[in-house]
Structure formats: C-alpha cells, structure tokens
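Listed below, chain by chain, are the residues.
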Amino acid sequence: PTPYLDSAIRALRDGGLIALTATDLAPLCGVYPKVALRKYGGLSLRTEYCHEIAVRLLAGSLAMMAAKHEIGVRIVFSHSTDHYVRLYALINYGAKRADESLGDIGFILHCFKCFHREFHKSVMLAQNMACPECGSTMKFAGPLWLGGIVDREFCSLMEENLRSLKHINDSRVARIISLVKEEANAPATYYVIDKICDKIGVPIPPIKSVINHIREMGFTATRTHFHDRGIKTNAPASAVVRAVKDSVGH
Ligand SMILES: [Zn+2]
C-alpha cells in the first residue's frame, strides 16, 4: 500500500477512516527486513509474533506519513488473516495530534534465547542490547507502532453492524472480530507454546492449561487471533516458560 499512502492520507478529512491492507508479508514478517525498512520505514524481525510486527510496521508507517501532514492517527481495528494484514485507523488533523501519534513509535527488543521482550517508546534505540534475563544480545524490530492496534468499543460497533448486514453470513467474520476484541487490551507481542516446547524439549500441552497456569501466578493471559496456540500476557518470559513446564508436569 505504501506508494499510495501519501495521497490516501491527504484525501482524508478530519475524523475520517482509512483502511490499509498489506500482502507483502515476507518483508513485513522478517524474511526481508531491509525491504521492510525501505517500504515501511522500520526493520522487521523473524519472531513467533512476526504477524503482529507486520501490523505494527504498517501502523508505524501510516503514523509517520500522517505526521508529515500534521495528522494524528488512532488504530481502531487490525487483523492478520490468510496472507495479508489489515488495519483501520481514524485520523485527526493537528500538529499536536501528530506529535501524540509519534509518541507511540518505538522498538521491540527480542531475546531469541529466553523469549524475553522489551518495548522502547523512542525514535532512538539504546546502545545496551544485552538481555536482562539471560545476558545474550537481543535483536530488534522497528521503528514501529507500539500504541493500541485494536479498540474494544469499535469491535462492539462492528459486531452490531454485522448483525444488521444480513448478506454477510460468514461465521468467520464474526469469529475474527470476537477474537480480536478479546485481545484488545492485551500487551504487545505474544508467546507461541510450540516454540517454547521446542526449545525446552517438552510435549505441547493444551493452550487452556497454560493460560490457567499463567493466571494462577497472578498475570493476565488471553488467546490471540494471530496464532492458534499464541498467548498474550503481561507475565515475563520466565513465567510463561514455567507455566508451560507446569502444564506438562515437569
Ligand atoms: Zn534472554
């Protein structure tokens, strides 16, 4: 979508809605990070949550492009389905709004050794890339959008709308909206159970059990539409690994 982004933004009026679809997932998901940097202004990273990074790179690209025209953005809905990612954003005129949007631009740091991740809301990346958990060097994605990528209320409005649109009787649409709505207030990135099991050499437990174990430790945990066995949580990586081990009785 990037060649048309600038003119699309300029065609929007104050309070307007823009929908963006990206199908070039190889660059956005970390297979070709340099292409992502060229086209979207941020480096991608091949992690288990690369589809969310794809959405956030697309959102970041929109926010940075809009800011040039003194326009602020608010992402109200986004999803990754089949071989594309799509997002919907409301825009507002004003330099102050644009500055606020840019405040949500930053970097995701990821440790490939212990699953630890960090979010830095800054246009510059700190020099120290050592993982505070295990000491190995972290890799990064960005600059990208670290703000919200789903608005719960907007999801409810979509659900209401869907009920009145009798010609759309695709249950998949309803399922995507409901899943995305569930994770609206969850933190950025997610853990994929398979990835953890592979690393620590245990069989894959049911996702429900891992979620329950994380919640028992006092953290939030929810499923994500991005991945069948993905979990969004505010628990540190070590606690998620612990929950996986507990779920398989290790
Ligand atoms: Zn680490």
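**Here's the deal with unusual backbone geometry**
Reasoning step 1: Between Gly142 and the following residue, Pro143, the backbone shows a cis peptide bond with an omega angle of 5°.
Reasoning step 2: Tracing the backbone through its elements, the reader meets Pro143 in strand β6 (residues 139-145).
Reasoning step 3: Residue Phe115 is not a glycine yet carries a positive backbone phi of 75°.
Reasoning step 4: Located in the positive-phi region is Thr189, a residue other than glycine, with phi close to 70°.

**Remarks on a positive patch on the surface**
Reasoning step 1: On the surface, Arg46, Lys113, Lys195 and Lys199 cluster together into a patch of positive charge.
Reasoning step 2: Within the fold, Lys195 resides in helix α8 (residues 193-200).

**Some thoughts on the domain arrangement of the chain**
Reasoning step 1: Assigned domains of the chain: these are domain 1 (2-145) and domain 2 (190-250).
Reasoning step 2: When each unit is reduced to the centre of its C-alpha atoms, the spacing between domain 1 and domain 2 is 26 Å.
Reasoning step 3: Taken residue by residue, the interface counts 16 residues in domain 1 and 12 residues in domain 2.
Reasoning step 4: Regarding the contact of domain 1 and domain 2, the summed buried area is about 1200 Å², with carbon and sulfur atoms giving 60% of it.
Reasoning step 5: Per-residue buried area on domain 1 facing domain 2 is highest for Glu48, Glu52 and Phe115; these three make up 50% of the total on that side.
Reasoning step 6: Summed over the shared surface of domain 1 and domain 2, the result is one salt bridge.

**Brief notes about the coordination of the zinc ion**
Reasoning step 1: Those donors, Cys111 (SG), Cys114 (SG), Cys131 (SG) and Cys134 (SG), are the protein atoms that reach the zinc ion, and they lie 2.2 to 2.3 Å from it.
Reasoning step 2: One can describe the donor arrangement at the zinc ion as tetrahedral, given that its four donor atoms subtend angles of 101 to 116° at the metal.
Reasoning step 3: Sequence positions of the residues that donate to the zinc ion give the spacing C-x2-C-x16-C-x2-C.
Reasoning step 4: On the accessibility criterion, Cys111 (0% relative accessible area) is buried.

Rules and cut-offs
Residues numbered from 1 in each chain as written. Predicted model: local features only at pLDDT ≥ 70, side-chain atom pairs only at ≥ 80, totals over all residues. Heavy atoms only, no water. Helix = DSSP H or I, 4+ residues; strand = E, 2+ residues; numbered from the N terminus. Patch = residues over 30% accessible without salt bridge, like charges linked within 9 Å, V, L, I, M, F, W, Y side chains within 5 Å. Areas by Shrake-Rupley, 256 points an atom, 1.4 Å probe, with all protein chains shown as cover. Salt bridge = Lys/Arg side-chain N within 4 Å of Asp/Glu carboxyl O. Lys, Arg positive; Asp, Glu negative; His and termini not counted. Charge placed at Lys NZ, Arg CZ, Asp CG, Glu CD. Domains from an automatic or database assignment. Contact = heavy atoms within 4.5 Å. Buried area = accessible area lost by both parts, 1.4 Å probe. Donors = N, O, S within 2.8 Å, 3.2 Å for Na, K, Ca; no water. Tetrahedral: all angles 85-135°; square planar, octahedral: opposite > 155°, others 65-115°. Buried < 20%, exposed > 50% of the residue type's maximum accessible area, 1.4 Å probe, protein only.

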